[in-house]
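Fold and geometry: a report
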Amino acid sequence: MQTITVTAGVIIDGHKVLIARRSSTENFAGGWEFPGGKLEQGKTEQECLARELREELGIDVEVGDLCERVFHDYGTFRINLLAYYCTIVGGSLAMTVHDKYQWVEVGRLLEYDLLPADVPIARRLMESYK
């Protein structure tokens, strides 16, 4: 079974964090996630994440420390998800592969239909922000 390495941005503003909903044309349509994308060969995780957030959301970020690493089996493939804390340093939010974004209070993250691999990240944040 194939394992895909994916990066995700944990962008926090006060006690709120940015999540995005996958559009109807994407895999896992309607699911909420911490935005990011697949790691490309020859790129660092941080370079990949910065590029993906620029392409998907129109924002420039400074990638910080690793927040959480999640291994999840989706049945037909496995995902190695690396979530990094990020700070927005430029650009403005725009949607390309998502149809909606939301700034959510950390304590309310599990009220959203998060993709399974994103749930442990939400739980980690909720523990950190108690």
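Residues numbered from 1 in each chain as written. Predicted model: local features only at pLDDT ≥ 70, side-chain atom pairs only at ≥ 80, totals over all residues. Heavy atoms only, no water.

Another point: the packing of aromatic side chains. In this structure the tally under the stated criterion is 4 aromatic pairs. Each ring, one from Tyr74 and one from Phe77, has its centre 5.3 Å from the other, and the planes form 25 degrees; the classification is stacked. Members of the aromatic cluster, joined through ring pairs, are Phe28, Tyr74 and Phe77. (Phe/Tyr/Trp six-rings, centres within 6.5 Å; stacked < 30°, edge-to-face > 60°.)

Okay, the pattern of salt bridges next. By the definition in use, this model includes 9 salt bridges. As a salt-bridge pair, Asp99 and Arg21 come within 2.8 Å of each other at their nearest N and O atoms. Here Asp99, found in strand E7 (residues 98-105), pairs with Arg21, found in strand E2 (residues 16-22); they are 78 residues apart in sequence, far enough to count as distant. On the basis of relative accessible area, Asp99 is assigned to the partly exposed category, the value being 41%. When its relative accessible area of 26% is taken as the criterion, Arg21 is described as partly exposed. (Salt bridge = Lys/Arg side-chain N within 4 Å of Asp/Glu carboxyl O. Helix = DSSP H or I, 4+ residues; strand = E, 2+ residues; numbered from the N terminus. Buried < 20%, exposed > 50% of the residue type's maximum accessible area, 1.4 Å probe, protein only.)

On to the side chain of Glu33. Relative to the helices and strands, Glu33 resides in strand E3 (residues 32-33). Separated by 3.1 Å, the side chains of Glu33 and Arg22 make a polar contact. Discounting residues that sit within four places of it in the chain, Glu33 has contacts with Ile19, Ala20, Arg22, His98, Leu114, Leu115 and Asp118. (Polar contact = N/O pair within 3.5 Å; in protein donor to acceptor, adjacent residues only side chain to side chain. Contact = heavy atoms within 4.5 Å.)

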